Structures are given as C-alpha cells and as structure tokens.
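Chains, contacts and geometry: an overview
Here's the letter readout for the chains.
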Amino acid sequence: MLEFDQIYHQDCIAGMPQMLDNCIDLIVTDPPFAIDFKAVRGNYNRKASRVLEGYNEITKADYSGFTVSWLEQAWRILKPTGSMYVFSGWNNLKDILVALDEIGFITINHIIWKYQFGVVTRRKYVSSHYHCLYVCKDDKLRPFYPFSRYQKDDRDSAGRSQHYRDKEDVWTIKREYWAGDQKTPTKLPRELIEKILNYSSIPGDLVCDPFLGSGQVAFISRLMQRRYIGFEINKEYYDFAKARLDSGQYRLKTTDQGNPF
Ligand SMILES: C[S@@+](CC[C@H](N)C(=O)[O-])C[C@H]1O[C@@H](n2cnc3c(N)ncnc32)[C@H](O)[C@@H]1O
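Since the model is a prediction, treat every value here as computed from it, not as a measurement.

**Some points on the overall build of the protein**
Broken down by element type, the protein carries 7 helices and 8 strands. For the protein, buried positions account for 31% of its 261 residues.

**A word on the pairing of strand β7 (residues 206–209)**
Here β7 shows a buried face lined by L206 and C208 and a second buried face lined by V207 and D209. Taken together, the 2 bridges between strand β2 (residues 24–29) and β7 define a ladder with parallel strand orientation. Residue pairing for β7: L26 is matched across the bridge by V207. Two elements, β7 and strand β8 (residues 227–231), share 4 bridges in a ladder whose sense is parallel.

**Section: the packing of helix α5 (residues 190–200) against helix α6 (residues 216–223)**
For any two helices packed against each other, one specifies the inter-axial angle together with the distance between the axes. The N-to-C vectors of α5 and α6 enclose an angle of 55°; their axes lie 10 Å apart at closest approach. Judged by the inter-axis angle, α5 sits oblique to α6. Crossing geometry of α5 relative to α6 is assigned as right-handed. Between α5, through R190, I193, E194 and L197, and α6, the contact on the second element is made entirely by Q216, V217, I220 and S221. Grouping the amino acids of the contact of α5 with α6 by side-chain chemistry returns 4 nonpolar, 2 polar and 2 charged.

**Examining the sheet that holds strand β1 (residues 6–8)**
Strand order across the open sheet formed by 8 strands is β1-β8-β7-β2-β3-β5-β4-β6, with mixed pairing between neighbours. Both edges of this open sheet fall to β1 and β6 (170–172), since each of them pairs with a single strand only. For this sheet, the mean angle separating the axes of adjacent strands, direction not counted, is 20°. Strands β2, β3 (78–88) and β7 of the sheet are contacted by helix α2 (residues 60–77), whose axis makes an angle of about 145° with β3. Across the sheet, helix α3 (residues 93–103) is in contact with β3, β4 (106–114) and β5 (129–136); its angle to β5 comes to roughly 5°.

**Remarks on the confidence of the model for the protein**
It should be kept in mind that the predicted coordinates are not to be read in detail where pLDDT is low. Overall, the predicted model of the protein reaches an average pLDDT of 90, with 89% of residues at or above 70. Segment residues 39–48 is flagged for pLDDT under 50; beyond a separation of four residues in sequence, or across chains, it makes 5 contacts in the model.

**Considering the packing of α6 against helix α7 (residues 235–247)**
It is the contact of α6 with α7, at a shortest axis distance of 9 Å, that shows an interaxial angle of 15°. Here α6 is positioned roughly parallel relative to α7, judged by the angle of their axes. For the element pair α6 and α7, the recorded crossing hand is right-handed. Packed against α6, whose contacting residues are A218, F219 and R222, the element α7 presents A241, R244 and L245 at the interface. Here the residues of the contact of α6 with α7 sort into 4 nonpolar, no polar and 2 charged.

**Let's talk about the environment of Y134**
Topologically, Y134 is positioned in strand β5. Separated by 24 residues in sequence, Y134 and H110 place their C-alpha atoms 6.2 Å apart. The residues contacting Y134, other than those within four sequence positions of it, are S83, Y85, I108, N109 and I111.

**Looking at α2**
Over its 18 residues, α2 extends 26 Å from the first C-alpha to the last, a length consistent with the 26 Å expected when each residue adds 1.5 Å. What α2 keeps buried is the set Y63, T67, W70, L71, Q73, A74 and I77.

**Remarks on the environment of S127**
Here S127 lies in the loop between β4 and β5. The spatial distance from the C-alpha of S127 to the C-alpha of G89 is 9.3 Å, given a sequence separation of 38 residues.

**Focus on unusual backbone geometry**
The phi dihedral of D5 falls on the positive side, at around 60°, and the residue is not glycine. Assignment of secondary structure puts D5 in the segment before β1. For D5, a count of 13 C-beta atoms within 10 Å puts it in the partly exposed group. The residue N22 is not glycine, and still its phi comes out positive at about 50°. Along the polypeptide, N22 turns up in the loop between α1 (12–15) and β2.

The rules we used
- Residues numbered from 1 in each chain as written.
- Predicted model: local features only at pLDDT ≥ 70, side-chain atom pairs only at ≥ 80, totals over all residues.
- Helix = DSSP H or I, 4+ residues; strand = E, 2+ residues; numbered from the N terminus.
- Buried ≥ 20, exposed ≤ 12 C-beta atoms within 10 Å, placed from the backbone.
- Pairing = 2+ DSSP bridges.
- Axes fitted to C-alpha atoms, helices over the stretch in contact; angles between N-to-C directions.
- Parallel < 35°, antiparallel > 145°, perpendicular 65-115°, else oblique.
- Left-handed = near helix turned anticlockwise from the far one by under 90°.
- Contact = placed C-beta atoms within 7 Å.
- Nonpolar A, V, L, I, M, F, W, Y, C, P; charged D, E, K, R; others polar.
- pLDDT = per-residue confidence, 0-100.
- Expected span 1.5 Å × (residues − 1).

This is the structure we're talking about:
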C-alpha cells in the first residue's frame, strides 16, 4: 500500500490502483495534453539547459482511452465528499469533458485560467488561457470554504467586494518564470494552486496529483499543511520534484554542470 506525504516515480495508471477506495479529499492535476509538446517547446523562450527534458506525451489517438483510465481511478480513490480540479488546454478538452461525464462526475464550474504569454501569432488569435474543470462526486457533500481568502465585507480600493471578485470563474494569474533556475516547461503557478487549496481543502486533508511534473501541487500542499501523494512517470521530473520536497526549497539553482539530475 502506498504512503501519504510521498511521491512516486510511476505511471499513475499503475500506481493509483494501489491506493484504497475513498481515501482522497482533493485531486488537483494537469494531465499531459496530447499536442506533441516537444514541437512547441521553442515557444517557451527558455535556455534548453535549464528546462528538464523528457516530458511524457500521449498520442492523440490514445488520449481518450488514457483519460478514461486515469479518471476511473480518480473516481475510485476520491472520498464521497471529494472534489477534483482538472486542467486542460482546448485541444483535447472534449475527451476530458466526455470522460468526466461518462464516469459520473458532477461539473461544478468551468474555470478559465488567463495567463500572460509572449507568443505573437499572425494567422490566428493568441492562446492565453487554460480550462480548469472543477468537479465532484456528490454536490451536496463536497466542502467549499467561501471566505478562506477574503471576508464578506472586504473591499478593494474601488469599493468592490473582494470575495465576490475572487470567486468569479475567470482567474487572471501570471505564470512564473524562474530565471536562472531549474524548471520543467509546464509548471503551474503557486498562486493558482494556493487558491484551489484554500477554497476546497483545509489543513490535514489528503491531496493527490497523478501528474506531478515539477511537483508544484505536492510542494504547495505541504506548505499549506495538507497531506499529499502523487505520481510522475518521467524520472528526471520525479527527481526534480523529490529534490524540491526533500530540500524544502521552492526553486533550485542550476549547477555549473547544468542539470543536477
Ligand atoms: C502538464 S505536466 C504537469 C505539470 C505540473 N502540474 C507542474 O506544475 O509542474 C504533465 C506531467 O505528467 C507526466 N505524465 C504523463 N503521463 C503520465 C502517467 N501515465 N503517469 C504519471 N505521470 C505522467 C508528464 O511527464 C508531465 O510531467
């Protein structure tokens, strides 16, 4: 049986079946996109030596079956009170929406994460958002902590209600550029994960990320006194996430030799 407050170098479709039924409070995850990610890596404008290689991509043809496989496990490990946030680009969003529906998840919100981006396009609009599907097993049982970030009467300098604005379903949050440090190409910003953890969990809750990448969800869960578990199939990414968790350092410096893993 797998332990909590650990991450595993494993395919989550093999790892999740080793977890008990109904054990997780919250899943926050950002699965691979099936968009031949390597082909667009140049867009990220980063020095290749600092960007960890080996992102594990899924082919378009396999994406629907892959999505059903991990979502069935997500359903099984979530408590009846559990909720889940799944990030997706627009390309294969329909596979995720269909699978969520067929497995029985209830969609609560379809959140848009608007980020800043620097890729100018000439023949199409610039993509500057992700979808984040907030779903649950039972809408009556799921917890939500509406005043975890702003109190009812908090106002901004223009007199607008802060708790209302914070709970609108378009979130404008900047990506983090870790200049000079080790990084993976697709990490989620800390502010985004903190917001989700604040609204949908409390200290002591169990948070799972089946697709850890740089380990952001596990790292921030621990910072916020949640318990965590997760999987990453790529050894280099797993080692990076583990080194961050073991050292407690949010950002790791590149050594003179380049990639330390
Ligand atoms: C979009 S990234 C996640 C980024 C992460 N949210 C972060 O903040 O760094 C998806 C990750 O899933 C990993 N992955 C792909 N297939 C996997 C599988 N079957 N099991 C576990 N990890 C997998 C990829 O190697 C990649 O690191």
